[in-house]
Amino acid sequence: MLSTKVDSVRLYKIRKVISELSGKEGRGTELVTLYIPPKKPIHEVIAYLRNEWGTAANIKSDTTRNHVQDALTKAMQKLKLYRESPDNGLVMFCGALMTNGPGSEVIVLREVVPPKPVKSFLYQCDDHFHVEHLRDMLREEKVYGLLSIDANEAGVGILSGEAFDVVNVMTSGISGKTRKGGQSARRYERGREMELTYFYHRVADHANRILVDEYKCKGVIIGGPGFTKEDFMKTEFLNYELRKNVIATIDTAYSGREGVRELVEKSADKLQDVRLFEEKKLVQRFLAEVNKPNGLAVYGLPRILSAIEKSNVEAILVTDDVDVVRFTATCKNCQTVREKFVPISKKTQATQELTSEACANCGSKEFVVDEADLIDVLEEKALQVGAKVEVISSGTEEGAMLKSFGGVAAFVRYRVAGV
Ligand SMILES: [Zn+2]
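Not measured: the values here are computed from a predicted model.

Rules of the game
Residues numbered from 1 in each chain as written. Predicted model: local features only at pLDDT ≥ 70, side-chain atom pairs only at ≥ 80, totals over all residues. Heavy atoms only, no water. Helix = DSSP H or I, 4+ residues; strand = E, 2+ residues; numbered from the N terminus. Rg over C-alpha atoms; globule rule 2.2 N^0.38 Å. Buried < 20%, exposed > 50% of the residue type's maximum accessible area, 1.4 Å probe, protein only. Contact = heavy atoms within 4.5 Å. Lys, Arg positive; Asp, Glu negative; His and termini not counted. Charge placed at Lys NZ, Arg CZ, Asp CG, Glu CD. Donors = N, O, S within 2.8 Å, 3.2 Å for Na, K, Ca; no water. Tetrahedral: all angles 85-135°; square planar, octahedral: opposite > 155°, others 65-115°. Phe/Tyr/Trp six-rings, centres within 6.5 Å; stacked < 30°, edge-to-face > 60°. Lys NZ or Arg CZ within 6 Å of the ring centre and 35° of its normal. Arc of directions from axis to C-beta. Salt bridge = Lys/Arg side-chain N within 4 Å of Asp/Glu carboxyl O. Pairing = 2+ DSSP bridges. Axes fitted to C-alpha atoms, helices over the stretch in contact; angles between N-to-C directions.

A.B. asks: Mind laying out the overall build of the protein, listing which residues take part and the relevant values?
C.D. replies: In terms of helices and strands, the protein carries 13 helices and 16 strands. Against the 2.2 N^0.38 benchmark of 22 Å for 419 residues, the protein shows a C-alpha radius of gyration of 28 Å, more extended than a compact globule. With the C-alpha coordinates of the protein rotated into their principal frame, the extents come out at 95 × 65 × 40 Å. Per-residue burial for the protein yields a buried fraction of 44% across its 419 residues. Contacts in the protein between residues at least 24 apart in sequence constitute 70% of all its contacts with a sequence separation of at least 6. Side-chain charges in the protein split into 60 positive and 59 negative, and the spacing between the mean points of these groups amounts to 2 Å.

Below you can see the structure in the form of structure tokens.
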């Protein structure tokens, strides 16, 4: 089961692999996709690949044959490092990808422990990688409906994982409370009631289509100002399953689009397991700490790195679109490592700077340069000091707030003067 308890860093990494590989094409039918279920013995998979390797000898094109066999060899080598398949199984993509036009192919291998168990064994050798099954596994199963209604306006939204979306907004067209001249009070009331009933019908139709048919929501939160929402629910126009699964009925100041937003704000304590709310809480806690005179939060990469070095970090928050990479230059002679964190745009300049200076330890000018994603680096460093990394989606209000602090922040365990 995919729960929000699947680590945010792991999800980030899986998404990164999917986006890296999804548009990629092979020169021929030469990109290997492997989905291995948890119970499948690894040696059986290796035997299967060995057999495929043999079959590949019949491929007419020299390049394609070499690429397929190289990819299979690399996949087998990697699989040999596993004693058994991980709990959820394993997904592997391996194939020759161009780095700089035809002829520049290198064999790329990406392995992913999926967020849900792999159901059946799949081997495919194709002109693209089959990332779609992995993408399906990422789809959040807990989708909640949001419905905000008053006599004038209604909004239908969905809440899933770290995102919410207003899908539909409808207006009733019912004019205010003024009666037309010559109209009796009773007649006016009756007319208004009919109009309302018609509106409720429309809202329920849309909600049923969106929340039940399209998004298969597990529950719904109803809101709006005044009694219209209760009135609406009494009509029983809304799908029976949804009516059985009303998580909360919440009074809001607005209806329609704004009402849906307000519902998201006000339902945090009703839906504890939704990642969006976890992220909101983390960012709000950060903002509260930062605003205190001696708060236990820092931001800016240099301060965070220095806090990590002192083992003074409890958790690190980082937005999923942070565009910083770490370059390391390892001295070929004495293995002394120098590192530099730079925006991706300054890549070339940073490499030059790192390698132009002689090694501080031995004076050598020969280096091996390596590049790593900031989130991977932070996770590695955090692990060593018992801290946790929380990846925050950049698409939310909280994500935007964190970005205004540079996209990286941390909770520290104690306050150090000058930090
Ligand atoms: Zn050196």
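Okay, back to it.
A.B. asks: Run through unusual backbone geometry, naming residues and quoting values.
C.D. replies: The backbone of Ser311 sits at a positive phi, close to 55 degrees, despite the residue not being glycine. Within the secondary structure, Ser311 is located in the loop between helix H10 (301-309) and strand E11 (315-319). In the Ramachandran plot, Gln335 falls in the positive-phi region, its phi being about 70 degrees despite a non-glycine side chain. As for its placement among the helices and strands, Gln335 is situated in the loop between strand E12 (324-331) and strand E13 (337-343).

A.B. asks: Explain the coordination of the zinc ion residue by residue, including any values.
C.D. replies: Octahedral metals with six donors have ideal donor angles of 90 or 180 degrees. Tetrahedral metals with four donors have an ideal donor angle of 109.5 degrees. In the first shell of the zinc ion, the protein supplies Cys331 (SG), Cys334 (SG), Cys359 (SG) and Cys362 (SG), at 2.3 Å from the metal. Around the zinc ion, the four donor atoms sit at angles spanning 101 to 113 degrees, and that spread fits a shape best called tetrahedral.

A.B. asks: Tell me what's going on with the environment of Gly161, and back it up with residues and numbers.
C.D. replies: Relative to the helices and strands, Gly161 resides in the loop between strand E6 (153-160) and strand E7 (163-171). Accessibility expressed as a relative area gives 7% for Gly161, which makes it buried. Residues Gly161 and Glu140, spaced 21 residues apart in sequence, show a C-alpha to C-alpha distance of 6.0 Å. Sequence-distant contacts of Gly161, that is, excluding residues within four places in its chain, are made with Glu140, Lys142, Val274, Arg275 and Leu276.

A.B. asks: Describe the packing of aromatic side chains, with residues and values.
C.D. replies: Within a pair of aromatic rings, the relevant descriptors are the distance that separates the centres and the angle that separates the planes. Counted according to the given criterion, the structure contains eight aromatic pairs. Taken together, a centroid distance of 4.9 Å and an interplanar angle of 75 degrees make the contact between Tyr299 and Phe405 edge-to-face. Taken together, the residues Tyr299 in strand E10 (residues 297-299) and Phe405 in the loop between helix H13 (397-403) and strand E16 (408-411) connect sequence positions 106 residues apart. Judged by its relative accessible area of 31%, Tyr299 is partly exposed. Taken together, Tyr35, Phe93 and Phe129 form an aromatic cluster joined through their ring pairs. Lying across the ring of Phe121, Lys40 places its NZ or CZ 4.6 Å from the centre.

A.B. asks: Outline H10, supporting the account with residue identities and numerical values.
C.D. replies: Listed as buried for H10 are Leu301, Ile304, Leu305, Ala307 and Ile308. Looking down the long axis of H10, one finds its buried residues gathered within 160 degrees of arc, a one-sided arrangement. Every exposed residue of H10 that faces more than 90 degrees away from the buried side is listed here: Pro302 and Glu309. Those residues of H10 that are buried lie in contact with E10, E11, E12, E13, helix H12 (374-384) and E16. Just downstream of H10, Ser311 is the residue with a positive phi angle, here 55 degrees.

A.B. asks: Please give an account of the pattern of salt bridges that cites residues and values.
C.D. replies: Taken as a whole and assessed by the stated rule, the structure comprises 33 salt bridges. The closest approach of N and O atoms between Lys13 and Asp376, which form a salt bridge, is 3.9 Å. One end of the pair, Lys13, is in helix H1 (residues 8-21); the other, Asp376, is in helix H12, and 363 residues separate them in sequence. Looking at Lys13, the relative accessible area reads 32%, which means it is partly exposed. Residue classification places Asp376 among the partly exposed residues on the basis of a relative accessible area of 24%. Measuring nitrogen to oxygen at the nearest pair gives 3.5 Å for the salt bridge that ties Glu241 to Lys244. Here Glu241 and its partner Lys244 are both found in helix H7 (residues 240-244), three residues apart, which amounts to about one turn of the helix. Judged by its relative accessible area of 43%, Glu241 is partly exposed. Through salt bridges with shared partners, a single network forms among Asp7, Arg275, Glu278, Glu279, Lys388 and Glu390.

A.B. asks: Outline the sheet that holds strand E8 (residues 219-224), supporting the account with residue identities and numerical values.
C.D. replies: Spatial ordering of the open sheet is given by E7-E6-E5-E8-E9, a layout of five strands whose pairing is mixed. Pairing within the sheet leaves two strands with one partner each, and these edge strands are E7 and strand E9 (246-251). Strand-to-strand, the axes of this sheet are offset by a mean angle of 15 degrees, without reference to chain direction. Two strands pair when backbone bridges link them, and strand E5 (residues 143-149) and E6 are joined in this way by seven bridges, in the antiparallel orientation. Bridge pairing links Gly145 to Ile158 in E6. In the packing of helix H5 (residues 185-214) onto the sheet, contacts are made with E5, E6, E7 and E8, and the angle to E7 comes to roughly 150 degrees. Those strands touched by helix H8 (residues 256-266) are E5, E6, E7, E8 and E9, and its axis lies near 130 degrees from that of E5.

Function-wise, these values are silent; they only describe arrangement.
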